[in-house]
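Overview (structure and organization)
The chain contents come next:
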Amino acid sequence: MDRGKVRSFALFLSALVLLGRASSIGAFVKRGEESGYIKISLRGDTIEEQIVITRKIDIRNKSEWLLNGKAVPKKDINEISQRFNIQVNNLTQFLPQDRVCEFAKLTPVQLLEETEKAVGDPQLPLQHHALVNKSRELKKLEVTVKANGDTLNQLKALNAEQEKDVERVRQREELLAKVKAMKKKLPWLRYDMKKAEYMEAKARESDAKKKLDEAAKILNDLKEPVEKQKEVKLKQEAACKKVSNLISNNNNKRMEILDTESRLGVQIQGKYEEMKDLRKQEYSRQERISRAKDELAASLSELESLPTYEPPRDELDRLATQIKELQVSAIQKRNQKSEKEKLIHQKKVSLRQCLDKLRDMENMTNKLLQALQNSGSENIFQAYQWLQEHRHELNKEVYGPVLIEVNVSSRTHAAYLESHVPYYAWRSFVTQDAADRDMLVKSLSSFGVPVLNYVGDGGSNKVPFEISEEMDKLGINSRLDQVFDAPTAVKEVLTNQFGLDYSYIGTRETDQKADEAPRLQIFDLWTPDNHYRWSVSRYGGHVSASVEPVPPSRLFLSGTDVGEIEKLRSRKKELEETIVGLEESFKTLQTEERHLEDETAKLIKQREEITNTVQHERRKRRDIENRIVQRKKKLESLEKEDNLEANMKKLIDQAAMLNMQRFKTAIEMKNLLIEAVSLKRNFTEKHLSSIELDRKIKELEVNFKQQEKLAMQASLHLEYCKKESENCRQQLVAAKRHAESIALITPELEQAFLEMPGTIEELEAAIQDNISQANSILFLNQNILEEYETRQHKIEAMAMKLDADNKELKRCLAEIDSLKESWLPNLRNLVCHINQTFSRNFQEMAVAGEVSLDEHDTDFDKYGILIKVKFRQTGQLKVLSAHHQSGGERSVSTILYLVSLQDLTNCPFRVVDEINQGMDPINERKMFQQLVRAASQPNTPQCFLLTPKLLPDLEYGESCSILNIMNGPWIEEPSQAWSNGGCWRTIMGLVGEC
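Residues numbered from 1 in each chain as written. Predicted model: local features only at pLDDT ≥ 70, side-chain atom pairs only at ≥ 80, totals over all residues. Heavy atoms only, no water.

Across its full length, the chain holds 23 helices and 19 strands. Per-residue burial over the chain gives 35% buried out of 994 residues. Counted over contacts in the chain with a minimum sequence separation of 6, partners at least 24 positions apart contribute 72%. Accessible surface, the chain as shown: approximately 61700 Å² in total, 50% of it carbon and sulfur. (Helix = DSSP H or I, 4+ residues; strand = E, 2+ residues; numbered from the N terminus. Buried < 20%, exposed > 50% of the residue type's maximum accessible area, 1.4 Å probe, protein only. Contact = heavy atoms within 4.5 Å. Areas by Shrake-Rupley, 256 points an atom, 1.4 Å probe, with all protein chains shown as cover.)

Encoded structure:
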């Protein structure tokens, strides 16, 4: 078993920090493998019950727990560890090689805690912890009781000194209390005065109410005759209104008859006018027929005299041909112009894309400078700006910072390069002249940036890089100085100073064959996942290797190619010149197109003029023909109109009928006028009777209003008396509320009021006398009574608190004594048993040793276990520590202490890692015999001793097993020989051939 098994136990509880090795779980996977697993088998409570715990890990730091082949959470594994009392963090159960010194550094208190957890009764550490907490609580209670007792005595002394002053204060308080009692009577005296005023106001209100009732009775007696006369008047007015309505209806009927008669007169007059018009129309019709015949003859004559017009078809055909030719030419020019326009647009789009790409690549400088600033170079922007502003003062080209001069096309290669080259180099500036270097060192020193000077010959003597057949088999495809572009000076500085030409790049396949790289004199190798480095010892020529994961690139955001920037600038200039030429050609085509359009417009205008002339002649003939048709229709219409005699007879009959209707309306009008005269006489009589009734009502209302005025005055006087009474009542209520707010009348207070003066003036004089007596009592501290009483309350509370703390102190002492009686004897017996075993074992190994319990009364947090040893007869027993004993002596003492715990440990197994390292052969052999004897006893935990070597001829018991772990890149053939039963010489021979 090797130290890999030691790591297995720690890995099972994720206690990586206990090993002091790698901090990530993936680092424990075998090199060249993707994953691994650890399996531990434990026996359960019975022989048949077997618990198999497996943990699978991989290089991506992922972990999976299996319990008897089933995936479970880590919580279940922790519960099993607690069930079997497996404490990986307890050095008495699990002691790695790197923590032997740490075990020796354990203080006696820590050693006691670890021992209690590992051996003996499980209640011991719990009782110890409880005793430590109780002892701290006891100390706090003792301090509290003492402080509270002192404070209580001080408060009592202060109150005793102030008792005389407090008595004088109380006399003054009594006088002021008497004044306060007198002041309580004042508002009640004022209340009695207000009560008397209120009773007087109520009496006045009662008299006013009686007067109002008498006036109201007289008013009601006068009101009845007035109401009767008003009822008679209303009936008379209703009769007048009825007659008035009849007169109105008669008038409306007469108006309707007048309207009818007027309408009939108008209709008769209209008939007479129609007769006159009919005679005039017949004469006019004959004249219009004669005029229509003349117009028709004139139109026919005009049509016959109109010459025939023939359009110029040849001229129109010629113009159409010329227009078509010019339009075709214009379309061709327009198509050419459209093509030119599209080409210009394409070129402008290309130019815009070129400008955007150029701007992005130029902005990459700012991004790289920002990355440097974010990583710690706070003044890199100022340094870069200074260089741009002073370039004209330099003798040769200066580059920098180096990061913006380097272009890496691959992000993977960028990660290699960034990790290989130190950070300071990326923010450095590279000069090619000594004077320039001195100038930059002086000017840029305040910015904190390095300056490197290049004085080489450009690397002209270097051998070009070639990949050999062996490299190709390993998967090596390049070298670190071949994967980036930079100015010659920058590239030479990076290559020469940081050995880029000795660092090679491989693929993922190279990880499987990385061990063969040193054979090709390759001592620095990069793969996508790992960085391999080999170093050769100057003394023995031994080769040691280290493997680190490749960190991602932080500075290289993306590559910038200086050559690409120049290409883009040339492309931009070429596109701008092409666009200018195309725009000139476009303007020429536009001018030619406009000229063709003008010529076409002139020809179209000539064709339109000829066409208009043809249309005018055609329209002229068509208008004459239409005029002839219309005049024929008009003549036919005039000839078909009705004759005069029939129309005249019809009009005479209609006029006679209308005259008969007018006669009937005249008779009806006469009857309505007779009825209207009779109604007017009746209305006049009723209206005069209504006027007489109105006069009588007014006389009665005058007397009623006089009496109403007297009643109103009585009502106003009553309202005034009510308001006055209400004001007095409110004042009385307010006075009572004020008096009650000052003091409520109680039998005791009423008796006290009888002993006081009975008037307001006498009571105020008595109050003033008592205030004067109280003011004559003077003292310095105005708050002395309040302080005295507050302090008295504090004394009472402090006394109660002190009594409770004393009870709590007694209870805590009782609990400590009870726990101590249970814990300390068991602990003493346990330490005594450990001391007997340790002393006996130590006598066989060395000279003498003992284990003792360091007791400190009730300071249970100071209790500890002292291990004292001596390895020389002349020496004395000394406490085990790194200052008094050597490493081998500490190892012997440690293993003997662990052996002493063997038969007391309550756990399934214990692990000790390489404890025999540093021991001399004699002590190592004795130690091994002690360990075998202790581990072979019945009912003791299984013990694992992990060591890279053992002494020959050791004595093993029947319960001992030896497990050899074969591991390493050259162990495959020897392990096969060992498994086949070969002898050690054969195995050594195989190793020698390697």
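That covers the picture; the talk isn't over yet.
As a further point, take helix H10 (residues 411-420). When we look at burial in H10, the residues that qualify are Ala414, Ala415, Tyr416, Leu417, Glu418 and His420. Looking at the buried residues of H10, the elements they touch are strand E6 (407-408), helix H11 (423-426), strand E10 (484-485), helix H14 (488-498), strand E11 (504-505) and strand E12 (524-526). For H10, the N-terminal cap is Ser410; the gap from its side-chain oxygen to the backbone nitrogen of Thr412 is 3.2 Å. (Polar contact = N/O pair within 3.5 Å; in protein donor to acceptor, adjacent residues only side chain to side chain.)

Attention now goes to the environment of Lys709. As for its placement among the helices and strands, Lys709 is situated in helix H16 (residues 644-742). Accessibility expressed as a relative area gives 57% for Lys709, which makes it exposed. As for Lys709 and Ala215, which are separated by 494 residues in sequence, their C-alpha atoms are 9.6 Å apart.

Let us look at the packing of aromatic side chains. This structure, assessed with the given rule, holds 6 aromatic pairs. Between the aromatic rings of Tyr424 and Phe498, the centroid separation amounts to 6.1 Å while the plane-to-plane angle is 70°, which identifies the pairing as edge-to-face. Linking Tyr424 in helix H11 with Phe498 in helix H14, this pair joins segments that are 74 residues apart in sequence. Classification of Tyr424 as partly exposed rests on a relative accessible area of 35%. Note on Phe498: relative accessible area 13%, which makes it buried. Arranged with centres 6.0 Å apart and planes meeting at 75°, the rings of Trp823 and Phe860 form a pair that is edge-to-face. One end of the pair, Trp823, is in helix H19 (residues 784-845); the other, Phe860, is in the loop between strand E15 (848-854) and strand E16 (864-870), and 37 residues separate them in sequence. A relative accessible area of 0% places Trp823 in the buried class. Here the aromatic cluster, defined as three or more aromatic residues joined through ring pairs, consists of Trp823, Phe860 and Tyr863. Sitting above the plane of the Phe484 ring, Lys491 keeps its charged end 5.1 Å from the centroid. (Phe/Tyr/Trp six-rings, centres within 6.5 Å; stacked < 30°, edge-to-face > 60°. Lys NZ or Arg CZ within 6 Å of the ring centre and 35° of its normal.)

Attention now goes to the sheet that holds strand E14 (residues 543-549). Reading across the sheet, the 5 strands line up as E9-E11-E12-E13-E14 and stay open at both edges, with mixed pairing between neighbours. On the outer flanks of this sheet lie strand E9 (478-479) and E14, each paired with one strand and no other. Bridging between strand E13 (residues 530-536) and E14 involves 7 bridges; their strand directions are antiparallel. Bridge pairing links Ser535 to Ser544 in E14. Its contacts with the sheet place H10 against E11 and E12, and it is angled at close to 145° to E12. (Pairing = 2+ DSSP bridges. Axes fitted to C-alpha atoms, helices over the stretch in contact; angles between N-to-C directions.)

Take the pattern of salt bridges next. In this structure the tally under the stated criterion is 25 salt bridges. Here Arg391 ties to Glu397 by a salt bridge, and the two come within 3.0 Å at their closest N and O atoms. A salt bridge links Arg437 to Asp438, with the shortest nitrogen-to-oxygen separation between them at 3.4 Å. On the basis of relative accessible area, Asp438 is assigned to the partly exposed category, the value being 43%. One salt-bridge network, held together by shared partners, links Lys134, Glu137, Glu808, Arg811 and Glu815. (Salt bridge = Lys/Arg side-chain N within 4 Å of Asp/Glu carboxyl O.)

Moving on, we come to a nonpolar patch on the surface. Taken together, the side chains of Met660, Phe663 and Ile667 define a hydrophobic patch exposed on the protein surface, amounting to about 320 Å² of accessible area. For Phe663, a relative accessible area of 54% corresponds to the exposed category. (Patch = residues over 30% accessible without salt bridge, like charges linked within 9 Å, V, L, I, M, F, W, Y side chains within 5 Å.)

With that settled, the discussion passes to the sheet that holds strand E17 (residues 878-879). With antiparallel pairing, 3 strands are arranged side by side in an open sheet as E15-E16-E17. Two strands close off the open sheet at either side, each with one partner strand: E15 and E17. In this sheet, E16 lies alongside E15 in antiparallel orientation, the contact comprising 7 bridges. Looking at E16, one finds that Ala848 is bridged to Lys870.

Moving on to the side chain of Ser503. Tracing the backbone shows Ser503 in the loop between H14 and E11. Residue class for Ser503 comes out buried when judged on its relative accessible area of 0%. Looking at Ser503, its side chain comes within polar contact range of the side chain of Trp526, at 2.8 Å. Residue contacts for Ser503: discarding those within four places in its chain leaves His420, Arg479, Leu480, Asp524 and Trp526.

Below, the discussion takes up unusual backbone geometry. Omega for the bond connecting Gly400 with Pro401 falls within 30 degrees of zero, at -10°, which places this linkage in the cis form. Locating Pro401 in the fold gives a position in the loop between helix H8 (380-389) and helix H9 (402-405).

Time to look at the environment of Thr495. Inspection of the secondary structure assignment puts Thr495 in helix H14. Classification of Thr495 as buried rests on a relative accessible area of 3%. Residues Thr495 and Val421 lie 74 residues apart in sequence; the distance between their C-alpha atoms is 9.5 Å.

Looking now at the packing of helix H20 (residues 887-900) against helix H21 (residues 921-935). Each pair of packed helices can be summarised by the angle the axes make with each other and by the distance between the axes. Between H20 and H21, the least distance of the axes is 10 Å, while the angle of their chain directions is 10°. The orientation of H20 with respect to H21, classified from their angle, is roughly parallel. Judged by the twist between their axes, the crossing of H20 over H21 is left-handed. Of the residues in H21, those touching H20 at Val892, Ile895, Leu896 and Val899 are Asn923, Met927, Gln930, Leu931 and Ala934. Residue classes in the contact of H20 with H21 are distributed as 7 nonpolar, 2 polar and no charged. (Parallel < 35°, antiparallel > 145°, perpendicular 65-115°, else oblique. Left-handed = near helix turned anticlockwise from the far one by under 90°. Nonpolar A, V, L, I, M, F, W, Y, C, P; charged D, E, K, R; others polar.)

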